[in-house]
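Listed below are the residues making up each chain.
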2 protein chains.
Amino acid sequence: MDVRIVIVNPIYEGNIGSIARVMKNFGFNDLILINPCQIGKFARAMASHAVDVLESAKIETFDDILKNSELIIGTTGIMGTGSYTRNPYPLAKLNEKFNNNIGVASILFGQEDQGLPNKILNKCDMILNIATNPTYPVMNISHAAAVILYNISGLTTKSLSEKMELASHEDLMRLLDHISDVLKDIEFPPHKRRRVLCNLKRICGKSELTPKEVTMLRGILSRIQMSIKNNH
Amino acid sequence: MDVRIVIVNPIYEGNIGSIARVMKNFGFNDLILINPCQIGKFARAMASHAVDVLESAKIETFDDILKNSELIIGTTGIMGTGSYTRNPYPLAKLNEKFNNNIGVASILFGQEDQGLPNKILNKCDMILNIATNPTYPVMNISHAAAVILYNISGLTTKSLSEKMELASHEDLMRLLDHISDVLKDIEFPPHKRRRVLCNLKRICGKSELTPKEVTMLRGILSRIQMSIKNNH
């Protein structure tokens, strides 16, 4: 889905700039403002290299949002109790929902000190709440945006920087064979070798070595072997 | 593990206050500052209801961190290339690591405009990088803290607000039987009932109804039935 970020009645321009920045960090561009405060130098400073997102923000009304969205998602820092249950949708599942549907999804953030009014929350298709500590659940609006946008960016699951490519079991076996050879070369007491190799195998297992790291370690082992041979 | 947040050479007091706030939002209290700027009114304003975290921050040196930590984690917005590979650990796995070990884990954030210097990154046990859009990867320091602290808070997996309790298959079947009864009561054309029920079954399936929602829907159906009987 096409995700748009909507800020309702923002009163601090710095927050608008901050949200523009974190939108660009996670690859989002469509910023909508409903009844915003004046936007000036401080908003631009907080937007940093995302002034383009800030300057292309559109001013709309809530009726425009109702007309132009397939899915309207309200965010709240406070879970309602009593007769009116806010019944939130899990943030972790939202990315999947966006991937599997088409249309415009508008994510609404409320005024900094009040959040979204109930009359708007009632018109939202879904409610989103970030799990926080009950002693202080109310987040800064741009922090809430950062957490939500990170989770829906889809970058997390795609990015190599958040996934590790593990070395194959065979690579690890070759590394351990190599270590075993070195233990012989350095005349490590034979009756202790099996136990030491077993421990090293466990260490390799839990350290989640990548192919590059295995190659590097084997390079070091080869250098050790060369040094030993040269000294004999 | 006991998680401590360390800010190295911060130059904007607002960021220190912002980080204190998001720490409290996610249940963290230990803030360490290395060579910080002056902390005044603006930091306290940004900390909002987390002034206690801000005021209990300790000033230490990097040598103190080295001495007092079991695990030192450096954050970076830029992945190194060439000979010096930063080789990051996946953020999604960090929570598990913290749960399964004991000791102090220090998470280091660098100066706003420069990040952590290489001489500190080299001494870190692990490197953490948030997957961002390559067109603008550099995040605001407190946004980066928000995303990391959310992911390691452990609140996500514990909190009911981020998990939905699904109604059982039997509950759904009872709901559909109830709908089927209502279709009879309202004299819905018999030859269309099977197809409509099948479609309704699919809608119920994908809408991930909770037990409470099923109860509410059945309450509505009962009221419909009562209204029909009263009018006959």
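Preceding this section is the structure that the text describes.
Residues numbered from 1 in each chain as written. Chains lettered and ligands numbered in written order. Predicted model: local features only at pLDDT ≥ 70, side-chain atom pairs only at ≥ 80, totals over all residues.

Enquirer: Now, about the overall build of chain A: what can you tell me, with residues and values included?
Expert: Along its length, chain A carries eleven helices and six strands. Structurally, chain A occupies a C-alpha span of about 85 × 45 × 35 Å along its principal axes. Within chain A, the fraction of its 232 residues that count as buried is 35%. For chain A, long-range pairs separated by at least 24 residues make up 84% of all intrachain contacts whose partners lie at least 6 apart in sequence. (Helix = DSSP H or I, 4+ residues; strand = E, 2+ residues; numbered from the N terminus. Buried ≥ 20, exposed ≤ 12 C-beta atoms within 10 Å, placed from the backbone. Contact = placed C-beta atoms within 7 Å.)

Enquirer: Provide a residue-level description of the packing of helix H5 (residues 91–99) of chain B against helix H7 (residues 141–152) of chain B, including the pertinent values.
Expert: Residue and element names in this part refer to chain B. Running from N to C, H5 and H7 cross one another at 50 degrees; their axes reach a closest spacing of 8 Å. Regarding the angle of H5 to H7, the classification is oblique. As H5 runs across H7, the sense of the crossing is right-handed. Every residue of H7 that contacts H5 at Leu91, Ala92, Leu94, Asn95 and Phe98 is listed here: Ile148, Asn151 and Ile152. (Axes fitted to C-alpha atoms, helices over the stretch in contact; angles between N-to-C directions. Parallel < 35°, antiparallel > 145°, perpendicular 65-115°, else oblique. Left-handed = near helix turned anticlockwise from the far one by under 90°.)

Enquirer: Now, about the sheet that holds strand S6 (residues 126–128) of chain B: what can you tell me, with residues and values included?
Expert: Residue and element names in this part refer to chain B. Spatial ordering of the open sheet is given by S3-S2-S1-S5-S4-S6, a layout of six strands whose pairing is parallel. Each edge of the sheet is formed by a strand with only one pairing partner; in this case those strands are strand S3 (58–60) and S6. The mean angle between the axes of side-by-side strands here comes to 30 degrees, regardless of whether they run parallel or antiparallel. (Pairing = 2+ DSSP bridges.)

Enquirer: Outline the interface of chain B and chain A, supporting the account with residue identities and numerical values.
Expert: The partner chain A presents 35 residues to the 35 residues of chain B that form the contact. Taken together, the elements giving at least two residues each to the side of chain B that touches chain A come down to helix H1 (13–25), H5, H7 and helix H8 (155–158) of chain B. Looking at the side of chain B that touches chain A residue by residue, the classes come out as 18 nonpolar, 13 polar and four charged. (Nonpolar A, V, L, I, M, F, W, Y, C, P; charged D, E, K, R; others polar.)

Enquirer: Describe the sheet that holds strand S1 (residues 2–8) of chain A, with residues and values.
Expert: Residue and element names in this part refer to chain A. With parallel pairing, the six strands of this open sheet are ordered in space as S3-S2-S1-S5-S4-S6. Each edge of the open sheet is held by one strand with a lone partner, namely strand S3 (58–59) and strand S6 (126–128). In the sheet, strand S4 (residues 71–75) pairs with strand S5 (residues 104–109) via four bridges, with the strands oriented parallel. Among the inter-strand pairings, leucine 71 is bridged to a residue of S5, identified as alanine 105. Relative to the sheet, helix H7 (residues 141–152) contacts S1, S4, S5 and S6, its axis offset from that of S5 by approximately 155 degrees.

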